[in-house]
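A structural walkthrough
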Amino acid sequence: MRHKPGRNDPCHCGSGKKYKRCHMDRDGGRAPARIAPPPTRRRRRRRTDHLVLTEGERDAMRAAGAANAEAMDFIRDHVRPGAVLSDLDDLVREWTYDHGYVPACLGYKGYPKSICASVNEVVCHGIPDDYALREGDIVNLDLTTIVDGWHGDQSETFLVGEVSEEARRVTQCAFDCLYLGIEAIGPGSKVLEIGRAIVARAHADGFSVVEDFQGHGIGRSFHQDPGIPHYPDSYAGQFVLEPGMCFTIEPMINVGVKGCRIDKRDGWTARTRDGKLSAQFEHTLLMTEDGVEILTQTRRGPRPGHRF
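Scoring rules and cut-offs
Each chain has its residues counted from 1, following the order in which its sequence is written. The predicted nature of this model means local features are confined to residues of pLDDT at least 70 and side-chain atom pairs, given and counted, to a pLDDT of 80 or more, with totals for whole chains, interfaces and linings taken over all residues. Excluded from the side-chain calculations are hydrogens and water; all other atoms, namely the structure's heavy atoms, are used. Secondary structure counts use DSSP, requiring at least four H or I residues in a row for a helix and at least two E residues in a row for a strand, with both numbered from the N terminus. A helix is expected to reach a length of 1.5 Å times the quantity of its residues less one. A contact between two residues is defined here by any heavy atoms of the two lying within 4.5 Å. Take a side-chain nitrogen of Lys or Arg and a carboxyl oxygen of Asp or Glu: if they are within 4 Å of each other, that pair is a salt bridge. Only protein chains enter the accessibility calculation, which uses a 1.4 Å probe; a residue is then buried when its area is under 20% of its type maximum, exposed when over 50%, and partly exposed in between. Patch definition: residues with relative accessible area over 30% and no salt bridge; like charges joined within 9 Å; nonpolar side chains (Val, Leu, Ile, Met, Phe, Trp, Tyr) joined within 5 Å. Shrake-Rupley sampling with a 1.4 Å probe provides the accessible areas, and residues are treated as covered by the protein chains on show and by no other component. We call a pair of cysteine sulfur atoms a disulfide when they lie within 2.5 Å. Two strands are said to pair when DSSP picks up at least two bridges between them. As a rule, the C-alpha atoms of each element are fitted with a line to give its axis, helices using only the stretch in contact, and angles between N-to-C directions run from 0 to 180 degrees. On a range of 0 to 100, pLDDT expresses the predictor's confidence in each residue. Side-chain atoms within 4.5 Å link the members of a nonpolar core, which is a set of buried Ala, Val, Leu, Ile, Met, Phe, Trp, Tyr and Cys residues.

All right, on to helix H1 (residues 55-76) then. Counted at 1.5 Å a residue, the expected span for H1 with its 22 residues is 32 Å, and the 32 Å between its end C-alpha atoms agrees. Buried residues along H1 sit in contact with helix H2 (85-98), strand S4 (138-147), strand S5 (150-159), strand S9 (246-249) and strand S14 (283-288).

For the structure shown, the criterion picks out 18 salt bridges. A salt bridge links Arg62 to Asp59; its shortest N-O distance comes to 2.7 Å. One end of the pair is Arg62 and the other is Asp59, both in helix H1 and three residues apart, which spans about a single turn. Residue class for Asp59 comes out partly exposed when judged on its relative accessible area of 45%. Measuring nitrogen to oxygen at the nearest pair gives 2.9 Å for the salt bridge that ties Arg93 to Asp89. Pair noted here: Arg93 and Asp89 are both in helix H2, with a separation of four residues, about one helical turn. What makes Asp89 buried here is its relative accessible area of 0%. Among the charged side chains, a salt-bridge network with shared partners connects Glu121, Arg261, Asp263, Arg265 and Arg271.

With that settled, the discussion passes to a nonpolar patch on the surface. Taken together, the side chains of Tyr97, Val102 and Leu106 make up a nonpolar region of the molecular surface, amounting to roughly 250 Å² of accessible area. Counting through the fold element by element, Val102 comes out in strand S1 (residues 102-103).

Another point: the state of the cysteines. Applying the stated rule across the entire model yields zero disulfides. Not part of a disulfide, Cys260 finds its nearest cysteine sulfur in Cys124, a span of 6.5 Å. Since its relative accessible area comes to 8%, Cys260 is described here as buried.

Now for the sheet that holds strand S11 (residues 260-262). Sheets are built from strands paired through backbone hydrogen bonds, the pairs being either parallel or antiparallel. Read from one edge to the other, the open sheet built from three strands follows the order S3-S12-S11, with strand pairing classed as antiparallel. Two strands bound the open sheet, and with one partner strand each, they are strand S3 (122-124) and S11. Looking at each pair of strands side by side, their axes are set apart by 40° on average, direction ignored.

Our next topic: the sheet that holds strand S6 (residues 208-209). Taken together, the three strands give an open sheet; going across it, the order is S6-S10-S13, and neighbouring strands pair in antiparallel fashion. Here the strands that pair on one side only, and so sit at the sheet edges, are S6 and strand S13 (278-280). Two elements, S6 and strand S10 (residues 252-254), share two bridges in a ladder whose sense is antiparallel. Directly across from Val209, in S10, lies its bridge partner Ile253. Packed onto the sheet, helix H3 (residues 165-183) meets S10 and S13 and runs at close to 150° relative to S10.

Before going further, it helps to spend a moment on the confidence of the model for the protein chain. Taken over all residues, the pLDDT of the protein chain has a mean of 89, while the share at 70 or more is 84%. Taken together, the stretch residues 29-50 has pLDDT below 50 and engages in 19 contacts with residues farther than four places along the chain or on a different chain.

Attention shifts here to the environment of Val147. Along the polypeptide, Val147 turns up in strand S4. The spatial distance from the C-alpha of Val147 to the C-alpha of Tyr101 is 5.4 Å, given a sequence separation of 46 residues.

This paragraph deals with the pairing of S5. Taking burial as the measure, the 10 residues of S5 include nine buried ones, the bulk of the element. Here S4 runs beside S5; their pairing, made up of 10 bridges, is antiparallel. Bridge assignment links Thr145 to a residue of S5, and that residue is Gly152. Linking two consecutive strands that pair antiparallel, namely S4 and S5, is a turn of two residues; a positive phi of about 55° is found at Asp148 within it.

All right, on to the nonpolar core then. In terms of nonpolar packing, the biggest core is built from 33 residues, with Val170, Leu241, Phe247, Ile249 and Ile253 touching the most fellow members. When residues of this core are traced back to their parent elements, those giving at least two are H3, helix H4 (192-204), S9 and S14. It is H3 that contributes the most residues to this core, nine residues altogether. Counting residues in each nonpolar core, the second largest holds 29 residues, with Met72, Leu85, Val92 and Ile115 among its members.

Rendered as structure tokens:
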């Protein structure tokens with residue numbers, strides 16, 4: 001049996017034409033595919049050009065962060081026993097539109113609300129519903145505001161009335177982990193240093209660090225490179241943080257195991273696998289030539305050194 005040449009090889013008839021231009025159709029259509037060489041592991045290319053902001057763009061991110069922090073200070077006065085999650089969502093949405101901004105979460109990939117409200121064992125992405133907060137709950141509120149096309153993103157975990165010692169400890173740990181992650185880096189640092197600092201503290205307190213979700217680059221896009229794992233990931237952790245990059249650090253700390261499960265009913269709500277408590281804090285950050293600038297620092301919220 002005559003072996004068919006490749007489509008760009010000389011035709012077997014001796015015409016001097018390429019096979020595809022000569023006998024390929026008459027021989028039965030397409031030339032046989034060449035056997036591909038064994039696959040090789042290729043490193044994914046990271047695009048960094050769009051991450052480094054100009055001075056004007058940095059100011060735009062500062063404005064977005066400040067607006068988001070103002071929204072967080074607004075809603076904190078409404079977090080109390082009896083507060084209904086959907087009412088908190090309505091308040092934030094109305095405040096956001098009244099100020100001429102846009103709630104980034106509303107409609108994002110089909111998400112139905114303006115904020116995320118994650119109570120007790122909910123790790124993140126809790127959808128506000130008719131649940132009324134109870135004495136002893138902890139609740140994380142995650143807000144993202146778009147100002148002139150730029151995103152400010154942050155979250156806080158609130159203690160609702162008197163809470164258990166375990167709830168207080170895991171909330172304190174998540175808060176401290178956020179600032180330890182911030183303190184671990186400067187211009188030219190690798191993302192790896194963030195995860196190292198967070199894991200060291202969480203494990204020392206007897207808690208676990210969620211690996212299913214991570215921080216992210218942010219700017220005109222809600223989520224972009226670089227990914228910010230909260231553990232020392234050997235691949236993503238090698239990314240270098242250059243001046244002009246904006247990103248979030250948002251450690252999620254669990255009392256029990258680190259694993260999460262997503263509710264099948266809504267496709268969003270992530271819960272701890274063992275039903276134990278989880279707490280989280282988040283800031284949007286700008287790496288400058290002099291160090292890390294927190295863009296979402298509130299006026300009335302907890303600051304470094306705060307004790308819950």
